[in-house]
Amino acid sequence: MSKITVALPKGRLFEQTIDIFVSSGLLKDKIKPQSRKLIVENDDFRFLLVRAKDVPTYVEYGIADIGVAGDDVLLEKNPDVYKPLDLGIGFCNIVVAGKPEDKGKYFSNPSTLRISTKYPKITEKFFKEKGINVQIVELYGSVELAPILGLSEFIVDIVETGRTLRENGLVVIDTIRPSTAKLIVNRISYKTQTDKIKNILDKIENFVSTSV
Ligand code: PRP
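Once a new chain begins, its residue numbering starts again from 1 and follows that chain's sequence as written. Totals for whole chains, interfaces and linings use every residue, but because this is a predicted model, local features are given only for residues with pLDDT of at least 70 and side-chain atom pairs only at 80 or more, for both listing and counting. Values shown for side chains rest on all heavy atoms present in the structure; no hydrogens or waters enter the calculation.

A few words on the side chain of D71. Within the fold, D71 resides in helix 3 (residues 71-77). Within the structure, the side chain of D71 is placed 2.9 Å from the backbone nitrogen of T180, a separation counted as a polar contact. The contact partners of D71, leaving out residues within four places of it in the chain, are R177, P178, S179, T180 and K182. Strands are runs of DSSP state E lasting at least 2 residues, helices are runs of H or I lasting at least 4, and numbering of each runs from the N terminus. N or O atoms within 3.5 Å of each other form a polar contact, as long as, within protein, one can give a hydrogen and the other can take it, and as long as residues adjacent in sequence are counted only when both atoms are side-chain atoms. Contacts were defined at the residue level, with two residues in contact if any of their heavy atoms lie within 4.5 Å.

Okay, here's the thing in structure tokens:
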């Protein structure tokens, strides 16, 4: 029998997703990535450890049958996948942040703002709806440096505990939307491996709905 391939983000969501697989009876034991191996297997599953932003790509192209991705990543990438389940993990907010002293500028109806972000599409859409032109500076990490060093006054980023903003002297200025992690499924896998995938979805849904 072929194994179900699951694409998981290497970062914070990996462990929480594995916990859900264990608690819902899909995995007997926790699996931990060893050394720098990027594929971890047992009898039923093959887990691919990928960058969070790459999860939708592996699922959309059918390399993985299922995957776990936050709303932040899904809104940014807009993949053609089936999104059947909110996993109730990975809670964070997508926000506009900056230095406290720049709050006034943000709310004074500026015609143009310069924003550094890992999320150019989400940023563009949000400010278009507000009628504000934005010059987007795309970064791949440590976005909080941008307002400190003057690359831009504001950033659009996710905030989970708020610690990174706090420790860098920045504050939330506007909230775009909350984000949680979703289970996503390749559309063809859902049709060709319906029973297996439905069993996974049922078990996870059952666990998630009774654990809130
Ligand atoms: C994310 C995000 C913030 C931080 C927020 O970065 O971009 O920098 O986490 O979390 P907090 O509110 O709990 O401090 P990540 O850790 O993914 O690293 P990156 O900057 O390299 O993308």
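Let's shift gears to the site of the ligand. Throughout this document, a residue counts as near a molecule or strand when at least one of its heavy atoms sits within 4 Å of that molecule or strand. Of all residues adjacent to the ligand, which total 13 residues, the nearest are K118, E144, D157, T161 and T164. Separating an oxygen atom of the ligand from a backbone N or O atom of S142 is a distance of 2.9 Å. Across the complex, the protein chains shield 73% of the 500 Å² of accessible surface that the ligand would expose by itself. Looking at the shell around the ligand, the elements that each hand over two or more residues are strand 9 (154-159) and helix 7 (163-167). The biggest single contributor to the shell around the ligand is strand 9, with three residues. Residue composition of the shell around the ligand, by class: two nonpolar, five polar and six charged. Computed with the Shrake-Rupley method and a 1.4 Å probe, the accessible areas treat only the protein chains shown as cover for residues. Side-chain classes follow a simple rule in which Ala, Val, Leu, Ile, Met, Phe, Trp, Tyr, Cys and Pro form the nonpolar group, Asp, Glu, Lys and Arg form the charged group, and the remainder, Gly included, forms the polar group.

For the rest of this paragraph, the subject is the sheet that holds strand 8 (residues 133-138). Sheet architecture is open: five strands sit in the order 8-7-9-6-10, paired in mixed fashion. Strands at the two margins of the open sheet, each flanked by one partner only, are strand 8 and strand 10 (171-179). Taking the axes of each pair of neighbouring strands and ignoring which way they run, one obtains an average angle of 30 degrees across the sheet. Each pair of strands is called paired provided DSSP finds at least two bridges between the two strands. Examined bridge by bridge, strand 7 (residues 112-117) and strand 8 share six bridges and lie parallel to one another. For every element, the axis is a line fit to its C-alpha atoms; helices are fit only across the contacting stretch, and the angle between N-to-C directions ranges from 0 to 180 degrees.

All right, on to the pattern of salt bridges then. When a carboxyl oxygen of Asp or Glu is within 4 Å of a side-chain nitrogen of Lys or Arg, the pair counts as a salt bridge. Summed over the entire model, instances satisfying the criterion amount to 10 salt bridges. A salt bridge links E41 to K3; its shortest N-O distance comes to 2.9 Å. With a gap of 38 residues between them, E41 in strand 2 (residues 39-41) and K3 in the segment before strand 1 (4-9) connect regions that are remote in the sequence. Each residue is assigned to one of three classes by its accessible area relative to the maximum for its type, calculated with a 1.4 Å probe on protein chains only: buried under 20%, partly exposed between the two thresholds, exposed over 50%. Judged by relative accessible area, K3 falls into the partly exposed class, the value being 30%. Between E129 and K125 there is a salt bridge, and its shortest N-O distance comes to 3.3 Å. Here K125 and E129 lie together in helix 5 (residues 120-130), a separation of four residues that amounts to about one turn. Take E129: its relative accessible area is 60%, and that puts it in the exposed class. Among the charged side chains, a salt-bridge network with shared partners connects D71, D86, R177 and K182.

Before going further, it helps to examine helix 5. Every buried residue of helix 5 is accounted for by P120, I122, T123, F126 and F127. Seen along its axis, helix 5 keeps its buried residues to an arc of 160 degrees; they face one direction. Seen from the open side of helix 5, the exposed residues pointing more than 90 degrees away from its buried face are K121, K125, K128 and E129. By arc we mean the arc of the directions from the helix axis to the C-beta atoms, nothing more.

The next point concerns the domain arrangement of the protein chain. Boundary definitions for the domains trace back to an automatic or database domain assignment. Per the domain assignment, the segments making up the protein chain are domain 1 (4-90 + 180-211) and domain 2 (92-179). A separation of 29 Å is found between the C-alpha centroids of domain 1 and domain 2. Counting from both sides, the interface comprises 10 residues of domain 1 and, opposite them, 13 residues of domain 2. Interface area for domain 1 against domain 2, summed over the two sides, is near 980 Å², with a carbon-plus-sulfur share of 45%. Buried area counts how much accessible surface, traced with a 1.4 Å probe, disappears from two parts once they are put together, with both parts' losses summed. For the domain 1 face of the interface with domain 2, the top three residues by lost area are D72, L75 and E76, together amounting to 54%. At the junction of domain 1 and domain 2, the tally comes to one salt bridge. A salt bridge links D71 to R177; the nearest nitrogen and oxygen atoms lie 3.5 Å apart. Connecting domain 1 to domain 2 are seven residue pairs in polar contact (both at pLDDT 80 or more). Its residues assigned to classes, the side of domain 1 that touches domain 2 shows one nonpolar, three polar and six charged.

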